[in-house]
Amino acid sequence: FSSHLCFCARSLRSREVSQGMASGEAKAAKAAAQSFKAAVVQMTTSSDHEENFKIAAGLCEDAEKEGVKLLCFPECFAFLGLGAEESKAFAQKLSGDMLKRYASLAKKHKLYLSLGGIQEKVDDGPDKIANSHVIVDPEGQILCNYRKIHLFDVDVPNGRSFRESSFTVAGKELVVVKNDEVGNLGVSICYDVRFPEMYAKLRERGAQLLLIPATFAMKTGMAHWEILLRSRAIENQCYVLAAAQSGKHNAKRYKELKKGPPRESYGNSCIIDPWGTVIARASNDSPCLVIAKIDLARVGRMRLAMPVSEHRRPDIYHATSAAEKVEGSPAKL
């Protein structure tokens, strides 16, 4: 009887150890599933779309070798011409050959690709296109298409003037891609980064990573790029993946056809963690990959430790206050 009890006790301990090992393995597997390598691309796109594709293909190959799961390209990665007319001429439907070629790279190298913005041909007439951010999965399937909401109509101080709305249709919908392998992706493009309300909504809808591909000008980039990106990361307790164009685009063509200096982009592609720390940054090299480990569990831990989203007060932010100034008379405080 006593030996039988001892046997049972040994069996029980054995089961406990076995279950503990299984539990530990399950936790390890879960942790591994919540962490992965992501990369942002820095490149200097030109109007030579075949050369751009060749560069992109090489970067996808490098990303696969490095064990990257999510690879993010900058705005205008496939084509950057001398102006609106060239962008409109290059634009294709998402069913066109251009996107199919990039989707084939995703499938070949088993990558999630963030492709934004693409010059997308739309049905709003021949004079308008959309600036679209497409996510493609490792099977080459399109998971989403976000059309840029905030269009860049700006006169840069002592710089160039931009009128994106003159040839681009503004999007009307926010997009969050929910995915078990690479987390929930809040999708945006470039100038969107200046509108924190948008990213608060993306966070509210479940975003864990904010994708911000860009073609930032030199002047605004030096002043605002990193500050804006870190702010969006901190406010929303999200990773920020910011793939950027860098350097002088189409310098020879500008000199020959425009008789002036070429368009120049700021670069500084980077990955920022939910605490607002830049954990990976590009050098001046272009093209290049900027790789970092993404830990989705850390996002959860930070949000539990500092539950900012629970403390938001939209009931007050959007309410009309009795203390607001009434037309014709000052507010009484």
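Residues numbered from 1 in each chain as written. Predicted model: local features only at pLDDT ≥ 70, side-chain atom pairs only at ≥ 80, totals over all residues. Heavy atoms only, no water.

Details of the overall build of the chain
Then comes step 1: When its secondary structure is counted, the chain shows ten helices and 17 strands.
Then comes step 2: Every one of the 333 residues in the chain was classed for burial, and the buried ones make up 46%.
Then comes step 3: Here the analysis covers contacts within the chain between residues at least 6 apart in sequence; of these, 70% occur between residues at least 24 apart.
Then comes step 4: Taken as a whole, the chain presents about 17,400 Å² of accessible surface, with 53% of it coming from carbon and sulfur. (Helix = DSSP H or I, 4+ residues; strand = E, 2+ residues; numbered from the N terminus. Buried < 20%, exposed > 50% of the residue type's maximum accessible area, 1.4 Å probe, protein only. Contact = heavy atoms within 4.5 Å. Areas by Shrake-Rupley, 256 points an atom, 1.4 Å probe, with all protein chains shown as cover.)

A short note on the confidence of the model for the chain
Then comes step 1: Taken residue by residue, the chain gives an average pLDDT of 88. The fraction at 70 or more is 85%.
Then comes step 2: Averaged pLDDT values for the elements of the chain fall to 41 in helix α1 (residues 2–33) and rise to 99 in strand β11 (residues 209–211).
Then comes step 3: Contacts from residues 1–19, a stretch scored under 50 in pLDDT, to residues over four places away or in other chains number zero contacts. (pLDDT = per-residue confidence, 0-100.)

Re the packing of helix α5 (residues 196–204) against helix α6 (residues 218–236)
Then comes step 1: At a minimum axis separation of 10 Å, α5 and α6 run at an interaxial angle of 40 degrees. As the angle between them shows, α5 and α6 are arranged oblique. The hand of the α5/α6 crossing is right-handed. In this structure, α5 uses P196, Y199, A200 and R203 to contact α6, whose residues at the interface are R232, E235 and N236.
Then comes step 2: Residues that form the contact of α5 with α6 fall into these classes: three nonpolar, one polar and three charged. (Axes fitted to C-alpha atoms, helices over the stretch in contact; angles between N-to-C directions. Parallel < 35°, antiparallel > 145°, perpendicular 65-115°, else oblique. Left-handed = near helix turned anticlockwise from the far one by under 90°. Nonpolar A, V, L, I, M, F, W, Y, C, P; charged D, E, K, R; others polar.)

Let's talk about the pattern of salt bridges
Then comes step 1: One pass over the structure, following the stated rule, counts 17 salt bridges.
Then comes step 2: When the shortest N-O distance is used, the salt bridge between E86 and R253 registers 2.7 Å. Taken together, the residues span a long stretch of sequence, with E86 in helix α3 (residues 84–90) and R253 in helix α7 (residues 251–258) at a distance of 167 residues.
Then comes step 3: As a salt-bridge pair, E164 and K148 come within 2.9 Å of each other at their nearest N and O atoms. (Salt bridge = Lys/Arg side-chain N within 4 Å of Asp/Glu carboxyl O.)

Digging into the nonpolar core
Soluble globular proteins: nonpolar side chains tend toward being buried together.
Then comes step 1: Counting residues in each nonpolar core, the largest one holds 50 residues, and the members touching the most others are L70, L209, W225, L229, L241 and I294.
Then comes step 2: Once residues within four sequence positions are removed from consideration, L241 is found in contact with A38, V40, L70, C72, L209, L210, L211, I212, C270, I271 and I294. (Core = buried A, V, L, I, M, F, W, Y, C linked by side-chain atoms within 4.5 Å.)

Considerations on the environment of L59
Then comes step 1: Mapped onto the fold, L59 is located in helix α2 (residues 49–65).
Then comes step 2: Overall, the relative accessible area of 5% leaves L59 in the buried class.
Then comes step 3: For the pair L59 and L71, spaced twelve residues apart in sequence, the C-alpha to C-alpha distance is 9.1 Å.
Then comes step 4: When sequence neighbours within four positions are dropped, the list of residues in contact with L59 reads V41, L71, F73, P287, C288 and L289.

Examining the packing of aromatic side chains
Then comes step 1: Applying the stated criterion across every chain, the model contains eight aromatic pairs.
Then comes step 2: A centroid spacing of 5.1 Å and a plane angle of 85 degrees characterise the contact between F53 and Y102, whose relative ring orientation is edge-to-face. Taken together, the positions of F53 in helix α2 and Y102 in helix α4 (residues 97–109) put the pair 49 residues apart, joining distant regions of the chain. In this pair, the class of F53 matches that of Y102, namely buried.
Then comes step 3: On the numbers, 5.4 Å between centres and 85 degrees between planes, the contact of Y191 with F195 is edge-to-face.
Then comes step 4: F195 sits in the partly exposed class, given a relative accessible area of 25%.
Then comes step 5: Put simply, the rings of F53, F73, F77 and Y102 touch in pairs and so form one group of aromatic residues.
Then comes step 6: The lysine or arginine in question, R101, covers the ring of F53, its NZ or CZ lying 4.0 Å from the ring centre. (Phe/Tyr/Trp six-rings, centres within 6.5 Å; stacked < 30°, edge-to-face > 60°. Lys NZ or Arg CZ within 6 Å of the ring centre and 35° of its normal.)

Overview of the packing of α2 against α4
Then comes step 1: Two elements in contact, α2 and α4, have axes separated by 10 Å at closest approach and are oriented at 15 degrees. One element, α2, and the other, α4, form an angle in the roughly parallel class. Remark: the crossing between α2 and α4 carries right-handed chirality. Residue-level inspection shows E50, N52, F53, A56, A57, C60, E61 and E64 of α2 in contact with α4, the latter providing R101, Y102, L105, K108 and H109.
Then comes step 2: In terms of residue class, the contact of α2 with α4 is made up of six nonpolar, two polar and five charged.

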